[in-house]
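Okay, here's what each chain looks like letter by letter:
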Amino acid sequence: MTQTLSYPQMRSVGPKNAKIFLIGEAPGVEELLQGSPFVGASGKELRRMLKQAGIDPGDCFLTNVFFDRPPDNRIEAFCDKTAFARGIAGMPALIPGLHVNADFASQLERLYDEILEVRPNVLCPLGNTACWAVFRQTPKITSLRGRISHARIRGVQFKVLPTLHPAYILRNWKDRVVVVADFQKLKRESRHADICVPSRQILIDPTFSEAMDFLDRALHSNEVSLDVETRNGQITICGIALSPWIGAVIPIWDFRKPDLSYWTEKEEVQIVQGIRRLVGAPHVVKIFQNGMYDMTYLWTTWKASLRNCSEDTMLLAHAMWPELKKDLGTLASLHTDEASWKMMRFRNRDDFKRED
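For the structure given in this document, a descriptive report is provided here. What you are looking at is a predicted structure, and each value in this text was computed from that prediction instead of being measured.

Rules used throughout
Residues numbered from 1 in each chain as written. Predicted model: local features only at pLDDT ≥ 70, side-chain atom pairs only at ≥ 80, totals over all residues. Heavy atoms only, no water. Phe/Tyr/Trp six-rings, centres within 6.5 Å; stacked < 30°, edge-to-face > 60°. Lys NZ or Arg CZ within 6 Å of the ring centre and 35° of its normal. Salt bridge = Lys/Arg side-chain N within 4 Å of Asp/Glu carboxyl O. Helix = DSSP H or I, 4+ residues; strand = E, 2+ residues; numbered from the N terminus. Buried < 20%, exposed > 50% of the residue type's maximum accessible area, 1.4 Å probe, protein only. Patch = residues over 30% accessible without salt bridge, like charges linked within 9 Å, V, L, I, M, F, W, Y side chains within 5 Å. Areas by Shrake-Rupley, 256 points an atom, 1.4 Å probe, with all protein chains shown as cover. Axes fitted to C-alpha atoms, helices over the stretch in contact; angles between N-to-C directions. Parallel < 35°, antiparallel > 145°, perpendicular 65-115°, else oblique. Left-handed = near helix turned anticlockwise from the far one by under 90°. Contact = heavy atoms within 4.5 Å. Nonpolar A, V, L, I, M, F, W, Y, C, P; charged D, E, K, R; others polar. Pairing = 2+ DSSP bridges. Polar contact = N/O pair within 3.5 Å; in protein donor to acceptor, adjacent residues only side chain to side chain.

Turning our attention to the packing of aromatic side chains. Overall, the coordinates contain nine aromatic pairs when judged by the stated rule. Among the aromatic residues, ring-to-ring pairing joins F66, F78, F104 and W132 into one connected group. Between the NZ or CZ atom of R110 and the centre of the ring of F67, over which it lies, the distance is 3.8 Å. We note K257 situated over the ring of Y262; from NZ or CZ to the ring centre the distance is 5.5 Å.

The next thing to look at is the pattern of salt bridges. Oppositely charged side chains can form a pair if their charged atoms are brought close together. Taken as a whole and assessed by the stated rule, the structure comprises 12 salt bridges. Here R154 ties to D113 by a salt bridge, and the two come within 2.5 Å at their closest N and O atoms. Pair noted here: R154 is in the loop between β6 (149-153) and β7 (156-160) and D113 is in helix α3 (residues 105-118), with a separation of 41 residues, a long-range link. On the basis of relative accessible area, R154 is assigned to the partly exposed category, the value being 43%. We classify D113 as partly exposed; its relative accessible area is 40%.

A surface patch of nonpolar side chains, amounting to about 250 Å² of accessible area, comprises I202, I204 and V249. Mapped onto the elements, V249 comes out in strand β11 (residues 246-251). Classification of V249 by relative accessible area gives partly exposed; the value is 31%.

Running from N to C, helix α8 (residues 208-219) and helix α9 (residues 265-280) cross one another at 10°; their axes reach a closest spacing of 9 Å. Judged by the angle between their axes, α8 and α9 are roughly parallel. In this structure, the crossing between α8 and α9 has a hand that is left-handed. Contacts from F208, A211, M212, L215, A218 and L219 in α8 reach E267, Q270, I271, G274, I275, R277 and L278 in α9. Tallied by class, the residues present in the contact of α8 with α9 amount to nine nonpolar, two polar and two charged.

So, about unusual backbone geometry. The phi torsion at N232 lies on the positive side, around 55°, for a residue other than glycine. Classification of N232 by relative accessible area gives exposed; the value is 67%. Notably, K303 is not glycine yet its phi reads approximately 55°, a positive angle. Its place among the elements puts K303 in the loop between α10 (291-302) and β13 (311-312). Relative accessible area serves as the criterion here: at 48%, K303 is assigned to the partly exposed category.

Moving on, we come to the pairing of strand β1 (residues 20-24). Along any regular strand the residues' side chains alternate between the sheet's two faces. The element β1 is largely enclosed, with a buried count of five among its five residues. The side-chain alternation of β1 yields two buried faces, one formed by I20, L22 and G24 and the other by F21 and I23. Note that β1 and strand β2 (residues 60-64) share five bridges and pair parallel. Paired with I23 across the bridge in β2 is T63. Here β1 pairs with strand β5 (residues 122-125) via four bridges, running parallel. Along β5, the bridge assignment pairs I23 with P125.

This part is about helix α12 (residues 328-335). Among the residues of α12, those classed as buried are T330, L331, A332, S333 and L334. In this structure D327 caps α12, since a side-chain oxygen of it lies 3.2 Å from the backbone nitrogen of G329.

Structure, rendered in structure tokens:
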């Protein structure tokens, strides 16, 4: 005689006044057996990482986007390949080309009900599926993790700090330290619901006199941070910071103009000469991120003499944490509270047209 297994009904757990709201993807076998999220192997690792970051898991609200378990843990099984019209209204693709079937719309509504009932200080979506539900966009967790942002749930704005799912960590152990660092930031951010943006003075779209005055100011500084953006073998933008709070974005190209030139020919010559004087000044310490790239373009494009290029944050990070990624996005997510600026910037002329 075949025995039929009866599973308890899935439920979310945690205090209704929790300041931290953790969102997973869907239950596994252990979760179905116990009717509770994050009780299997990934859930146990989640709790270990939270404790290591100084967070009591019992103080957190724990839930999943879906209370059904996808076959073979393949979330694409919940998606419809045939037509966009059969997806959940107002929701983008979860995976490019794959929309979650409208049959699961009630589970999203249940998740939003829980968020509005708890009203946490910060939401923490774990992985792509949770980010899809919170941000209502096709996600890329590697671009989102560790960054403070916000999302609107039925018109109410919530602070959000996404990170990697603990099931991913069990398969990619080297990234565990990154999630622990994200949870340390999560603890800090859970103290209040507001997004505290660092106060900075950044000169953008400068006039010629503003750019030249800033370059003169930089020339009289003890140290500056430099970064160049390039396209088609040319320098398009030069970013210069005098301190963590003061900086300038000095464009060379302007994608909004047909000829791509931000300056007149005479102005551009003087701007480039000013930057060359700065990078060649022996009394000013230059700080780079992956400086070999920037210095190569400064030398080959503008024939700039490079002096006192003493610090490189990528190399310093490698010396301190050789097992971690060294790109600027990762370092900024670990050591600052900045938003993901690469998701906000324009990349080409068509981006300006879309924004207009």
